[in-house]
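Commentary on secondary and tertiary structure
This is what each chain is made of:
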Amino acid sequence: MQTIRGKVFITADNIDTDQIIPAQYLNLVPTNPAELEKLGSYALCGLPDNFGRFVPEGQIKSPYAVIIGGRNFGCGSSREHAPISLGAAGGKVVIAESFARIFFRNCIATGYLYPIEAEKRLVEVLKTGDEVEVDLDKGTLTVVATGKVFKLRELGAAKEVIDNGGLFEHARKSGMLK
Amino acid sequence: MAMTITEKILAKGAGKKSVSAGDNVWVQADILMTHDVCGPGTIGIFHREFGRDAKVFDRERIVLAPDHYIFTKDQMCLRNIETCRTFAAEQNLPYAYIPFTDSYSGVCHVTLPQKGHCRPGEIMFGTDSHTCTHGAFGQFATGIGNTDAAFVMGTGKLLIKVPASMKFLVEGGPLPRGVMAKDVILQIIGDLGVEGATYRAMEFAGDTISALSIEERETICNMAIEAGAKNGIIAPDYITLDYILARTRKPFTCFASDADATYISVKKYQAKDLVPVVALPHSPDNRKNAADAGDIKIDRAYIGSCTGGKITDFIAAAEVLNGRKVAVDTFLVPSTTEVAAQFDQITIFGKTLTQIFKDAGCLPPAPPSCAACLGGPEDTFGRTHGTEVCISTTNRNFIGRMGSKKSAVILASPYTAAASALTGRVTDPREFLG
């Protein structure tokens, strides 16, 4: 059974890649471990201040494992730094009503983050800090305090790619790459 | 089987007779482009996965065009350029346009066509979401992340889903005076919304599109991503071939959609109904007519980028600015060295563009790069640092896009940006055009 338990961080509709990782931090190269950690510390710092901070000031990790979005999460740039920064900060899953195409693909190719669609508009029913349990096999999100369960859409074949650790590992395991 | 142009190109790339929307196919890449902000990460993954001594799948098919953060003192940015330079040397890449050398060109999406890397019927991947620009040449072109790009770099292949196509027919003769390709695409994005074309191909056709220059077609395809599309595309014609044949000697195939191809939607526009529009903060679909956007004061104007920094964009701006004075700081960033050189070569009204911009009181043009289109390091030319309101010919007006989270960006055509620079307010350019 594959479950992720943690606190949620609430965002909104059309969270673009500039808000996830502002372009001035694209000078950091994700394949360099020290720079990867730094990228994580800046995750979602481009959001307007009223959302609060995904990564607290002066820290490098986020207390939130579950990011909640509205429609079109991750729109904009093809920068892989976006899913990577969320993952490097400690994010495990993004649950949104819908995803922008390249962000969704980058989540899968990197294996950093599960991009999962919710059937309900969770940005309006959850609040930042709520403790939840996400069951990736059953496709459910359960609010720990109330026991309320929300249905998630299936990730399908893409889940196996992330489970395997991303595109390259998946390609090797499935024999597509030597 | 009837197919759209996008399906035909992907079928060819997959070595299949036909493909349909929704099919997952392995395709052969004809060109992989990367630059300074995603190149080093892509190269890092390439080395990690294929080995430090691995060779790229085909050195003729890799284009390296560092363009984002070039003219800065930021040491990390300069290091990233160096990483690209070293890789190009190690791999002996013939198509590397390296900053601070004679080979430097500038913005990748203007460099690719100018240097002859765009060809009808081909499949291009680039580590930049605006790679969709090159659909203007009748090819399939789309943006990918570093991991996918490293996979392509090593294998030449990528697994992709064939997108369903949406058709946009623009008809009724050439665009009316004062209306540019930027207005057409902002109109369409305003109608669709920023996720209206997610996972789709946006195919543009009709006699109004056919009447556009290649640069104006690039502007339209460039912003397909702002509606969420996988690619934008325009079938090649004589205008395409004139441009291509002057720049490439490699063979290519021209495709066109079959008359009975399947579209998920068809939307029609009449040229006469199109007017100058802007996209107000903070979303490219927040469209208003320039004439009735309200009394919006601006602090600066910015003309540049892959979307609005081509030579045709500067000629349009010069038409409006000629003989007049700007009321706000006006930043000019030619996209490439070729465009920068044309500032002194092209004359309108008997004056060079350089002279017109100088007489109008614009700031001296910056050297070619992406510059402030996407904010960047603190010392980036034209970057916002406070509460500036900037009217810009670029492609995105997300919160903080040009630097400061408190600044605001209004997207417009070069005509509208120039007219607004003259008045200090969002202005319909037809007030200044005869």
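In this text the structure is predicted, and so the values were computed from the model without any measurement. Here, residues in each chain are numbered from 1, in the same order as that chain's written sequence. Think of it this way: whatever chain is written first is A, whatever ligand is written first is 1, and the rest follow in order. It should be noted that, the model being predicted, local features are given only for residues of pLDDT at least 70 and side-chain atom pairs only at 80 or more, the latter also being counted only at that level, while totals for whole chains, interfaces and linings use all residues. Each side-chain value is derived from all of the structure's non-hydrogen atoms; neither hydrogens nor water enter the calculation.

**Observations regarding the overall build of chain B**
Going along the chain from the N terminus, every DSSP run of H or I of four or more residues is numbered as a helix, and every run of E of two or more is numbered as a strand. On a plain count of helices and strands, chain B comes out with 14 helices and 18 strands. Its C-alpha atoms give chain B a radius of gyration of 21 Å, near enough to 22 Å, the size a compact globule of 434 residues would have. Dimensions of chain B, computed from C-alpha atoms along their principal axes, come out at roughly 55 × 55 × 40 Å. For chain B, buried positions account for 65% of its 434 residues. The long-range share in chain B, meaning contacts at least 24 apart out of those at least 6 apart in sequence, stands at 75%. When the accessible surface of chain B is summed, it comes to about 14,300 Å², and 51% of that surface belongs to carbon and sulfur atoms. As defined in this context, the radius of gyration uses C-alpha atoms, and a globule is described by 2.2 Å times the residue total to the power 0.38. Only protein chains enter the area calculation, which uses a 1.4 Å probe; residues under 20% of their type maximum are buried, those over 50% are exposed, and those in between are partly exposed. Should any heavy atoms of two residues lie within 4.5 Å, those residues are counted as being in contact. Surface exposure here means Shrake-Rupley accessible area, sampled with a 1.4 Å probe, where a residue is shielded only by the protein chains that are shown.

**Digging into the pattern of salt bridges**
Think of a salt bridge as a Lys or Arg side-chain nitrogen and an Asp or Glu carboxyl oxygen that are within 4 Å of each other. Following the criterion strictly, the structure yields 36 salt bridges over all chains and no others. Across the pair Asp428 of chain B and Arg430 of chain B runs a salt bridge whose closest N-O atoms are separated by 2.7 Å. For Arg430 of chain B, a relative accessible area of 36% puts it in the partly exposed group. If you follow the salt bridges from partner to partner, you end up with Asp13, Glu97, Arg121 and Glu124 of chain A in one network.

**A short note on the packing of helix H2 (residues 33-41) of chain A against helix H3 (residues 81-88) of chain A**
Residue and element names in this part refer to chain A. Here an angle of 0 to 180 degrees is reported between the N-to-C directions of two axes, which are lines fitted to C-alpha atoms, with helices fitted over the stretch in contact. The contact between H2 and H3 brings their axes to 7 Å, and the two run at 85°. The angle between the axes of H2 and H3 places the two elements in the roughly perpendicular class. Residue-level inspection shows Leu36, Leu39 and Gly40 of H2 in contact with H3, the latter providing His81, Ile84, Ser85 and Ala88. Residue classes follow a fixed rule: Ala, Val, Leu, Ile, Met, Phe, Trp, Tyr, Cys and Pro count as nonpolar, while Asp, Glu, Lys and Arg count as charged, and any other residue, Gly among them, counts as polar. Class assignment of the residues belonging to the contact of H2 with H3 gives a composition of 4 nonpolar, 3 polar and no charged. Every angle not falling under 35 degrees, over 145, or within 65 to 115 is termed oblique; those three ranges are roughly parallel, roughly antiparallel and roughly perpendicular.

**Remarks on unusual backbone geometry**
All names here are of chain B. Note the cis peptide between Pro281 and His282, where omega equals -5°. Secondary-structure assignment places His282 in the loop between strand S11 (277-279) and strand S12 (287-289). In this structure, Phe100 is a non-glycine residue whose phi angle is positive, near 65°. With respect to the helices and strands, the residue Phe100 is situated in the loop between helix H3 (75-90) and helix H4 (108-114). On the basis of relative accessible area, Phe100 is assigned to the exposed category, the value being 57%.

**Here's the deal with the sheet that holds strand S4 (residues 123-126) of chain B**
All names here are of chain B. Read across the open sheet, the 4 strands follow the order S3-S2-S4-S5; overall the sheet is parallel. What marks the edges here is a single partner per strand, and that holds for strand S3 (62-64) and strand S5 (140-143). Strand-to-strand twist in this sheet, taken as the mean axis angle between neighbours without regard to direction, amounts to 15°. In short, DSSP must find at least two bridges between two strands for them to pair.

**Focus on the domain arrangement of chain B**
All names here are of chain B. What marks off one domain from the next here is an automatic or database domain assignment. Once the domains are mapped, chain B shows domain 1 (5-269) and domain 2 (279-431). A C-alpha centroid distance of 24 Å is found between domain 1 and domain 2. Each partner contributes residues to the interface: domain 1 has 42 residues there, and domain 2 has 42 residues. Counting each side, the surface lost to burial between domain 1 and domain 2 is near 3,200 Å², with a carbon and sulfur contribution of 59%. Two parts placed together each lose some accessible area; with a 1.4 Å probe, that loss summed over both constitutes the buried area. A per-residue breakdown of the area domain 1 buries against domain 2 is headed by Val107, Met180 and Lys182, which together make up 17% of the total.

**Some details on the interface of chain B and chain A**
The partner chain A presents 44 residues to the 50 residues of chain B that form the contact. Taken over both partners, the interface formed by chain B and chain A buries close to 3,600 Å², and the fraction arising from carbon and sulfur atoms is 54%. Three residues stand out in chain B for area buried against chain A, namely Thr147, Glu195 and Lys405 of chain B, and they jointly supply 15% of the buried area on that side. Across the contact surface, chain B and chain A share 6 salt bridges. Contacts described as polar in this section are N or O atom pairs within 3.5 Å, which, within protein, must combine one atom able to donate a hydrogen with one able to accept it, while residues neighboring in sequence count only if both atoms come from side chains. Applying the counting criterion to the chain B and chain A interface returns 25 residue pairs in polar contact (both at pLDDT 80 or more). Every element with two or more residues in the side of chain B that touches chain A is listed here: helix H2 (39-50), H3, S5, helix H5 (146-155) and strand S6 (157-161) of chain B. A per-class count over the side of chain B that touches chain A returns 23 nonpolar, 14 polar and 13 charged.

**Quick notes on the state of the cysteines**
Here a disulfide denotes one covalent bond, and it connects the sulfur atoms of two cysteines. All names here are of chain B. Throughout, a disulfide means two cysteine sulfur atoms within 2.5 Å of one another. Following the criterion strictly, the structure yields 0 disulfides over all chains and no others. Among the cysteines around Cys77, which has no disulfide bond, Cys84 carries the closest sulfur, lying 11 Å off. With relative accessibility at 2%, the residue Cys77 sits in the buried group. Here Cys390 is not cross-linked by a disulfide; its sulfur's nearest cysteine counterpart is in Cys373, at 10 Å. Given the relative accessible area of 0%, Cys390 is considered buried.

**Side note on the packing of aromatic side chains**
For Phe, Tyr and Trp, rings pair up if their centres lie within 6.5 Å, where Trp contributes its six-membered ring, and each pair is then called stacked (planes under 30 degrees apart), edge-to-face (over 60) or tilted (otherwise). For the structure shown, the criterion picks out 21 aromatic pairs over all chains. Geometrically, the ring pair formed by Phe9 of chain A and Phe54 of chain A is edge-to-face, given 5.3 Å between the ring centres and 70° between the ring planes. Taken as a pair, Phe9 of chain A in strand S1 (residues 3-10) and Phe54 of chain A in the loop between H2 and strand S2 (64-68) lie far apart in primary sequence, 45 residues in all. For the pair shown, Phe9 of chain A and Phe54 of chain A are each scored as buried. Taking 4.8 Å as the distance between ring centres and 65° as the angle between the ring planes, the aromatic pair formed by Phe314 of chain B and Phe343 of chain B counts as edge-to-face. Taken together, the positions of Phe314 of chain B in helix H11 (residues 311-321) and Phe343 of chain B in helix H12 (residues 337-345) put the pair 29 residues apart, joining distant regions of the chain. Here Phe314 of chain B and Phe343 of chain B have matching classes, each one buried.

**Observations concerning the sheet that holds strand S10 (residues 265-270) of chain B**
Residues and elements named next belong to chain B. Here 4 strands make up an open sheet; going across it, the order is S9-S8-S7-S10 and the pairing parallel. In the strand order of this sheet, the two ends are held by strand S9 (231-233) and S10, each with one partner. Pairs of neighbouring strands in the sheet enclose a mean axial angle of 20°, with direction left out of account. Here 6 bridges tie strand S7 (residues 164-171) to strand S8 (residues 200-205), and the two strands are oriented parallel to one another. Within S8, the residue paired with Leu169 across the bridge is Ala205.

**Some words on a nonpolar patch on the surface**
Taken together, the side chains of Met176 of chain A together with Trp26 and Leu159 of chain B make up a nonpolar region of the molecular surface, amounting to roughly 240 Å² of accessible area. With respect to the helices and strands, the residue Trp26 of chain B is situated in strand S1 (residues 24-28). Patch membership requires over 30% relative accessible area and the absence of a salt bridge. Like charges are linked within 9 Å, and nonpolar side chains (Val, Leu, Ile, Met, Phe, Trp, Tyr) within 5 Å.

**With respect to the nonpolar core**
The tendency in soluble globular proteins is for nonpolar side chains to be buried side by side. By convention a nonpolar core is built from buried Ala, Val, Leu, Ile, Met, Phe, Trp, Tyr and Cys residues, the set being connected through side-chain atoms within 4.5 Å. Formed by 62 residues in total, the largest nonpolar core has its most connected members in Leu86, Ile95 and Leu141 of chain A. Top element by residues in this core is S2 of chain A. It accounts for 5 residues. Setting aside chain neighbours within four positions, we find Leu86 of chain A in contact with Ile20, Ala43, Leu44, Phe54, Ile67, Phe73, Gly91, Val94, Phe103 and Leu113 of chain A. Counting residues in hydrophobic clusters, the runner-up holds 56 residues, among them Cys108, Ile185, Phe204 and Cys390 of chain B.

**Thoughts on the environment of Ala211 of chain B**
For Ala211 of chain B, the position within the fold is in the loop between helix H7 (207-210) and helix H8 (214-222). Between the alpha carbons of Ala211 of chain B and Ile239 of chain B there is a distance of 8.8 Å; along the sequence they are 28 residues apart.

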